[in-house]
Structures are given as structure tokens and as C-alpha cells.
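# Breakdown of the fold
Next come the chains, spelled out residue by residue.
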Amino acid sequence: MTEKISELKKALFSADSVIVGAGAGLSTSAGFTYSGARFEKYFSDFAKKYGFTDMYSGGFYPYKSLEEHWAYWSRYIMINRYMNPAKNVYDDLLNLVRDKDYFVITTNVDHCFQKAGFDKKRLYYTQGDYGLFQCSKPCHQKTYDNEKQIRSMWESQKDENDNFIKMQIPTELIPHCPVCGKPMSMNLRADDSFVQDDGWYEAAERYENFLRTRRVESDGKVLFLELGVGGNTPGIIKYPFWQMTLKNSNATYACVNYGEAIAPREIADRAICINGDIGEILGKMV
């Protein structure tokens, strides 16, 4: 592993451009785990009532009321969007790429890149953002910042000692669309109701422009740095990274992933695969 880390560090600093592709494994390494002690700390009452063992399961449960639905989701959003991760993994990554010509494409929706100080204009969140509401219908293609509302929902469930005593929010805090009046939903890509607003399209255009101007599919000296991308949506990051590396003989593909660090035979001679904890690897590189 030490040899591979040295190889990755050399590829990073010799590259003219770096494209970071980030999946859920990166945030998991930073401390955003969705089960275990963290789940029990914030959702023990829901776990007791419904038998949930992780946050994802609770997020998809068909609650009987919007008051309970948003009680769950406000906690979920608060801890995974407005709180910082326990470990400095994103800070280490920024320290490694800060002085490089970089761009980030991610399927993560927790906003950790921007909170760590990455340039907003070099980020493309493809799957949405926990910090945004949209119309559940949707009747129009616009999103809305939700921090003030989420914090109010969060506080409405607690007592003066910060203990959760309620599993519902006041009815007046339920968010509704300002245009049609229907309930709001999260701006997360779960089905064809996902809203791609102006900001989403602008970020997509900046990413496509970066790929084009850095000649990533011809002869640009580029590093495709894939971090924690699994097999759920490989068509967004993993497969395009493989394909662009294959087309460009000056490109290097690097995959850092715990248990899933692989590359196709066709690009094996220009691939660096490290099976390990992302935070540990980045920390050693720093």
C-alpha cells in the first residue's frame, strides 16, 4: 500500500488537471455513518417504534402523517447536512488539490465539499442536496434553501436539555410549495420528479466545459481520482472515468475504495487501485 500511495501522490502532483469523482464512501470515511452509534443517538425513538436499524430505512418509511415524516427528515438533514463530519477527510482532500486545476463531480448530497472550502464553481452535485426543498409534484423547476425551516423542525422536537421528546413537528412547520401549495419534498434524485434547477444546469455546463478545455478525452495530462464510488450509479462517475482514461493515453485513473478498488484490464497499466480507508490514505498523502 505504501508503494501505491507514493504512486498516487506522484500522479496527483504531475497531473495538469485533476477530476475528483466522489461517492458515499468518502463521506462514510469522514464519519457520516448511517447506522450504529450515530443512528442510535439521533433516532433511538424511531428505531424502538418501527424497528429501523439504519437511517436509510427510516427515510423511505411511509409515515401516516407529514408531521412525523418531517420529524424524521429534519433530524436526518440536520445531522447529515448542517453538522460537520467528525473527521477531516474533506479538508485533507482540499489540501491535496487546492493548488491544482481541479473539478469535483459527486453523487453525494451532504454538501461536505463546500463546507470544507472547495470552490463552489468547481463542484457538480449530480443527485441533489439535502439543503434544498422542491415541490413534490413538481409544478415548477426551482429549489429552495431549507436551513431555517429544518432548524425550526429540529428544535420543535426537543426539550430544554436537548433531549428528543417528540416524534412529530407542529403542523404549521410543514413546508408547502409557494406556487401550488402541495407539500414540499427533498431535492434528491429518487424518481422522475427530481428538479434540476438553474444551478444544477450551470454546474453541469461548467463540468462539461472543464472536460472539453482540458482535453481529457484526447491528450490532456489528467488524473481521474475516484473516491468511494460504489456500484449503485456507476454510469455517473465510474464508467465515464474508465472510458475517458481509455481514450487518453496521458490519463491516469486512480480508485481509492474500501473493498471495491478495481479497474478494467484495458486501462490496468494506467490505473492505481488502493483498497483501504479513504481518510487514512489521504491523510498519509498529506
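Structure's up top.
Read on for an overview of the structure. Per-chain numbering applies: the sequence of each chain, read as written, is numbered from 1 onward. Totals for whole chains, interfaces and linings use every residue, but because this is a predicted model, local features are given only for residues with pLDDT of at least 70 and side-chain atom pairs only at 80 or more, for both listing and counting. No hydrogens and no water enter the side-chain calculation; it runs on all heavy atoms of the structure.

Every helix listed is a DSSP run of H or I at least four residues long, and every strand listed is a run of E at least two residues long, numbered separately from the N terminus. The helix and strand tally for the protein stands at eleven helices and nine strands. C-alpha atoms define the radius of gyration, and 2.2 Å times the number of residues to the power 0.38 defines the globule rule. Compactness check: the protein gives a C-alpha radius of gyration of 20 Å against a globular reference of 19 Å for 286 residues, within 12% of the reference. Each principal axis of the C-alpha distribution contributes one length, and for the protein these read about 60 × 40 × 30 Å. In this scheme, a residue with accessible area under 20% of its type's maximum is buried, one over 50% is exposed, and one in between is partly exposed, where area comes from a 1.4 Å probe on protein chains only. Taking all 286 residues of the protein together, 52% fall into the buried category. The criterion used for residue contact is that any of the two residues' heavy atoms lie within 4.5 Å. When contacts within the protein are restricted to residue pairs at least 6 apart in sequence, long-range pairs at least 24 apart make up 65% of them. Only carbon and sulfur atoms are counted for the fraction: they give 48% of the accessible area of the protein, which is about 14000 Å². Note on charges: Lys and Arg go in the positive column, Asp and Glu in the negative column, and His and the chain ends are not counted at all. A single reference atom marks each charge: NZ on Lys, CZ on Arg, CG on Asp, CD on Glu. In the protein, which carries 35 positive and 37 negative side-chain charges, the distance between the mean positions of the two groups comes to 1 Å. For accessible areas, the Shrake-Rupley method is used with a probe of radius 1.4 Å. Any residue's cover is judged against the shown protein chains and nothing else.

It is worth spelling out the layout of surface pockets at this point. Think of a 1 Å grid over just the protein atoms. A cavity is a set of points where a 1.4 Å probe fits yet cannot get out, a pocket is an open set with protein on both sides within 12 Å along at least five of seven lines, and lining residues have an atom within 4 Å of a point. Grid points are joined across faces, edges and corners, and a volume is the space filled by probe spheres set on the points. Its volume calculated, the largest pocket comes out at about 1400 Å³. If you go around the largest pocket, you meet 45 residues; those closest to its centre are Tyr56, Phe60, Tyr130, Leu188 and Arg189. For the lining of the largest pocket, the secondary-structure elements that each account for two or more residues are helix H2 (24-30), helix H4 (55-59), helix H5 (66-82), strand S4 (128-135) and strand S6 (184-188). It is H5 that contributes the most residues to the lining of the largest pocket, five residues altogether. The classification used treats Ala, Val, Leu, Ile, Met, Phe, Trp, Tyr, Cys and Pro as nonpolar, Asp, Glu, Lys and Arg as charged, and all other residues, Gly among them, as polar. Here the residues of the lining of the largest pocket are counted per class, giving 22 nonpolar, 19 polar and four charged. Looking at the second largest pocket, its volume works out to about 440 Å³. Lining the second largest pocket are 19 residues, with Lys120, Tyr125, Leu132, Gly199 and Trp200 sitting closest to its centre. Taken together, the elements giving at least two residues each to the lining of the second largest pocket come down to strand S3 (123-125), S4 and helix H9 (198-213). If you tally residues by element for the lining of the second largest pocket, the top one is H9, at five residues. Here the residues of the lining of the second largest pocket sort into eight nonpolar, six polar and five charged.

Right, let's get into the packing of helix H3 (residues 37-50) against H5. Only the stretch in contact is used when a helix axis is fitted, and all axes are lines through C-alpha atoms; the angle between N-to-C directions ranges over 0 to 180 degrees. Running from N to C, H3 and H5 cross one another at 165°; their axes reach a closest spacing of 11 Å. As summarised for this structure, H3 and H5 are arranged roughly antiparallel, according to the angle between their axes. As H3 packs across H5, the resulting crossing turns out to be left-handed. Contact residues: Arg38, Phe39, Tyr42, Phe43, Asp45, Phe46, Lys49 and Tyr50 in H3; Glu68, Ala71, Tyr72, Arg75, Tyr76, Ile79 and Asn80 in H5. Grouping the amino acids of the contact of H3 with H5 by side-chain chemistry returns nine nonpolar, one polar and five charged. Roughly parallel means an angle under 35 degrees; roughly antiparallel means over 145; roughly perpendicular covers 65 to 115; every other angle is labelled oblique. Crossings are classed by handedness, with left-handed meaning an anticlockwise turn of the near helix from the far one by less than a right angle and right-handed meaning a clockwise turn.

Strand pairing is assigned whenever DSSP detects at least two bridges linking the two strands. Strand order across the open sheet formed by six strands is S3-S2-S1-S7-S8-S9, with parallel pairing between neighbours. At either end of the open sheet lies a strand with only one pairing partner, and these are S3 and strand S9 (271-274). Between one strand axis and the next, the sheet turns by 15° as a mean value, whatever way the strands run.

This brings us to the packing of aromatic side chains. Pairing of aromatic side chains here covers Phe, Tyr and the six-membered ring of Trp, requires ring centres within 6.5 Å, and sorts the geometry by plane angle: under 30 degrees stacked, over 60 edge-to-face, intermediate tilted. Enumeration over the complete set of coordinates arrives at 31 aromatic pairs. When the centroid spacing of 5.0 Å and the interplanar angle of 50° are considered together, the rings of Phe224 and Phe241 count as tilted. Of the two residues, Phe224 sits in strand S7 (residues 222-227) while Phe241 sits in helix H10 (residues 238-247), which places them 17 residues apart along the sequence. Phe241 matches Phe224 in its accessibility class, with the two residues each being buried. Their ring planes at 40° and their centres at 5.6 Å tell us that Tyr239 and Trp242 sit as a pair that is tilted. Separated by three residues within a single helix, Tyr239 and Trp242 lie in helix H10, roughly one turn from each other. A relative accessible area of 41% means that Tyr239 is categorised as partly exposed. As a reminder, the over-ring test applies to NZ of lysine and CZ of arginine, requiring each to be within 6 Å of the ring centre and within 35 degrees of the ring normal. Just above the ring of Tyr102 sits the side chain of Arg122; from NZ or CZ to the centre is 5.4 Å. Between Lys158 and the ring centre of Phe164, over which it is positioned, the NZ or CZ distance is 5.6 Å.

Counted as salt bridges are all cases of a side-chain nitrogen of Lys or Arg within 4 Å of a carboxyl oxygen of Asp or Glu. One pass over the full model with this rule turns up twelve salt bridges. A salt bridge links Arg122 to Asp101; the nearest nitrogen and oxygen atoms lie 3.1 Å apart. Residue Arg122 is found in the loop between helix H7 (112-116) and S3, and its partner Asp101 is found in strand S2 (residues 101-106); the two are separated by 21 residues along the sequence. The exposure class of Arg122 is partly exposed, given its relative accessible area of 24%. Members of the salt-bridge network, linked through shared partners, are Asp101, Asp119, Arg122 and Arg214.

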